[in-house]
Amino acid sequence: MKVPFFRLRLGTPEKKAVSRVIESGWVTSGPTARALEEKIKKLVHARHAVAVSSATAGLHLSLKAAGIGAGDEVITSPYTMAATVEAILYTGATPVFADIDPLTLNIDPARVKSKITRKTKAVIPVDIGGLPCDYDALLKIARQRKVLLIEDAAHSLGAQFKSRPVGSLCDATVFSFYSTKNITTGEGGMVVTDDNLLASRVRLLSLHGMTSSGWKRYAGGGWKYDIVELGYKYNLSDLAAGLGLGQLTRFSQMQKKRQMLADRYMKNLSAVQQFIELPCVDRRSRHGWHLFIIKICPERLRITRDRYIRELEKNGVGCGVHFIPIYRFRYFQEHLKLKISDFPFTERAYLRVISLPFYPDLSIREVDYVSERIAELCRRFSR
Ligand SMILES: Cc1ncc(COP(=O)(O)O)c(C=O)c1O
């Protein structure tokens, strides 16, 4: 059997929604992008939503809109995708890294607290794999120290913390609609916030700093517009938004499937729990289940993580690693002067993690097959 790491299945709802956009005669940002914003706003209980071309763009715009730039510091996790850090660097601000909680793989609030200085303007927590960070602790620190919390929720659309949806917790929240995410627009993202000023600035900056969009002008709003700030070309097209609307019609069904697949992996792999640490679940949260990340236990296994992945791949099982820590990339090492030894928890996690095949199109048979291969490897390489 071959089980790819990722497989996307788009169906009739997506085809219909995209066809409607094509037939409408308007494919760049306009009414469909607005309709997607409305749906996401309702889904995550936020006052404003602004559709953007990616989560990377959304993070950049959120920081820019908050006036963050050169001379400021922004705290984030070294255990994230490059996008989080690149967005900080685009603004001219300095990223400062706080190590993770090794159980959840999320940023450790106590370490965030210890990194706050007079220059700190924001913290970007990242909900790894879809598990919300400890927002009780993070919100308390952010309010006490008067810094913004901008949530990197690239993985956590559909997740909740204490019955509140991700998107309603922080000063701003940024979702990704990249191809592998819980919903996709091909490429795309969404910034949500309750802050009127932040939302209007994100919108302005997402389209050249223009006072009127193309859609407004062509729809009869007149040809005149002004540029009031140096903006960006970060808007989401209606074509992409159409795909997102199609995906949203199946969202709750897809999330249920993700939960079911996670339960199945958990049940199957509980038999080899002495060799494999299963993903952390937090009683306070509803997991968004974007990724299913296991950690191998080196004290119990005579095999490295890299070889473990090679063995799974030999058996037709595709795997990923989320994430290669920021300090391991040459560019960041050289430019940010980062040392592996400053992040012992991230480093230890990195050497143990494996992301298993995990997506709504995965079948129970495939989950069982992957689980059996894992159990076999644990037996074969047990100490
Ligand atoms: C944690 C995290 N943040 C941000 C991003 C960037 O998302 P996008 O590809 O939509 O820019 C990703 C993408 O994989 C991610 O995993």
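Residues numbered from 1 in each chain as written. Predicted model: local features only at pLDDT ≥ 70, side-chain atom pairs only at ≥ 80, totals over all residues. Heavy atoms only, no water.

Another point: a nonpolar patch on the surface. Among the surface-exposed residues, I22, V27 and L239 lie close enough to one another that they form a single nonpolar patch of about 250 Å² accessible area. The topology assignment puts I22 in helix α1 (residues 12-24). (Patch = residues over 30% accessible without salt bridge, like charges linked within 9 Å, V, L, I, M, F, W, Y side chains within 5 Å. Areas by Shrake-Rupley, 256 points an atom, 1.4 Å probe, with all protein chains shown as cover. Salt bridge = Lys/Arg side-chain N within 4 Å of Asp/Glu carboxyl O. Helix = DSSP H or I, 4+ residues; strand = E, 2+ residues; numbered from the N terminus.)

With that settled, consider the sheet that holds strand β13 (residues 353-355). Strand order in the open sheet made by the three strands is β10-β12-β13, with antiparallel pairing throughout. Each edge of the sheet is formed by a strand with only one pairing partner; in this case those strands are β10 (276-277) and β13. As paired strands, strand β12 (residues 293-296) and β13 are joined by three bridges and run antiparallel to one another. Among the inter-strand pairings, K295 is bridged to a residue of β13, identified as V353. (Pairing = 2+ DSSP bridges.)

Under the counting rule described, the total for this entry stands at 15 aromatic pairs. With a centroid separation of 5.7 Å and 55° between ring planes, the pair formed by W26 and Y218 is classed as tilted. With a gap of 192 residues between them, W26 in the loop between α1 and α2 (31-44) and Y218 in helix α8 (residues 214-221) connect regions that are remote in the sequence. With relative accessibility at 17%, the residue W26 sits in the buried group. When its relative accessible area of 65% is taken as the criterion, Y218 is described as exposed. Site record: aromatic cluster; members linked through ring pairs are Y265, W289, F292 and F358. Sitting over the ring of Y369, R373 keeps its end group 4.5 Å from the ring centre. (Phe/Tyr/Trp six-rings, centres within 6.5 Å; stacked < 30°, edge-to-face > 60°. Buried < 20%, exposed > 50% of the residue type's maximum accessible area, 1.4 Å probe, protein only. Lys NZ or Arg CZ within 6 Å of the ring centre and 35° of its normal.)

The subject of this paragraph is the domain arrangement of the chain. Per the domain assignment, the segments making up the chain are domain 1 (12-248) and domain 2 (251-380). Each of domain 1 and domain 2 has a C-alpha centre, and these two points are 26 Å apart. Listed as interface residues are 40 residues of domain 1 and, on the opposing side, 35 residues of domain 2. For the pairing of domain 1 and domain 2, the buried interface totals around 3,200 Å² over both sides, and the portion due to carbon and sulfur atoms is 65%. Run the count over domain 1 and domain 2 and you get two salt bridges. (Domains from an automatic or database assignment. Contact = heavy atoms within 4.5 Å. Buried area = accessible area lost by both parts, 1.4 Å probe.)

All right, on to the pairing of strand β5 (residues 148-152) then. For β5, the tally of buried residues reaches four of five residues, placing the bulk of the element in the interior. Bridge analysis of strand β4 (residues 120-124) against β5 gives two bridges, and the strand direction is parallel. Across the sheet, residue V123 finds its bridge partner in β5, namely L149. Of the crossover connections in this fold, the one passing from β4 over helix α6 (residues 135-145) to the parallel β5 is right-handed. Sheet topology places β5 next to strand β8 (residues 172-176); three bridges connect them, and they run parallel. Bridge pairing links E151 to T173 in β8. (Right-handed = clockwise from strand over helix to strand, strands pointing away.)

This paragraph deals with the packing of helix α11 (residues 305-314) against helix α14 (residues 364-380). Packing of α11 against α14 brings their axes to within 10 Å, and their N-to-C directions diverge by 130°. By the angle between their axes, α11 is oblique relative to α14. Like other packed secondary-structure pairs, α11 and α14 cross with a definite hand, here right-handed. From α11, R307, Y308, E311 and L312 reach across to α14, where they touch R373, I374, L377, C378 and R380. Among the residues forming the contact of α11 with α14, the class breakdown is five nonpolar, no polar and four charged. (Axes fitted to C-alpha atoms, helices over the stretch in contact; angles between N-to-C directions. Parallel < 35°, antiparallel > 145°, perpendicular 65-115°, else oblique. Left-handed = near helix turned anticlockwise from the far one by under 90°. Nonpolar A, V, L, I, M, F, W, Y, C, P; charged D, E, K, R; others polar.)

Spatially, three strands are ordered β7-β6-β11 in an open sheet, and the strand pairing comes out antiparallel. Both outer strands of the open sheet, β7 (164-165) and β11 (285-286), are each paired with one neighbouring strand and no more.

Evaluated as defined, the whole model comprises 27 salt bridges. Here R284 makes a salt bridge to D134, at a shortest N to O gap of 3.2 Å. With R284 in the loop between β10 and β11 and D134 in the loop between β4 and α6, the pair connects residues that are 150 residues apart, well separated along the chain. According to the relative accessible area criterion, R284 is partly exposed, its value standing at 30%. Between E372 and R373 there is a salt bridge, and its shortest N-O distance comes to 4.0 Å. Owing to a relative accessible area of 44%, E372 belongs among the partly exposed residues under this scheme.

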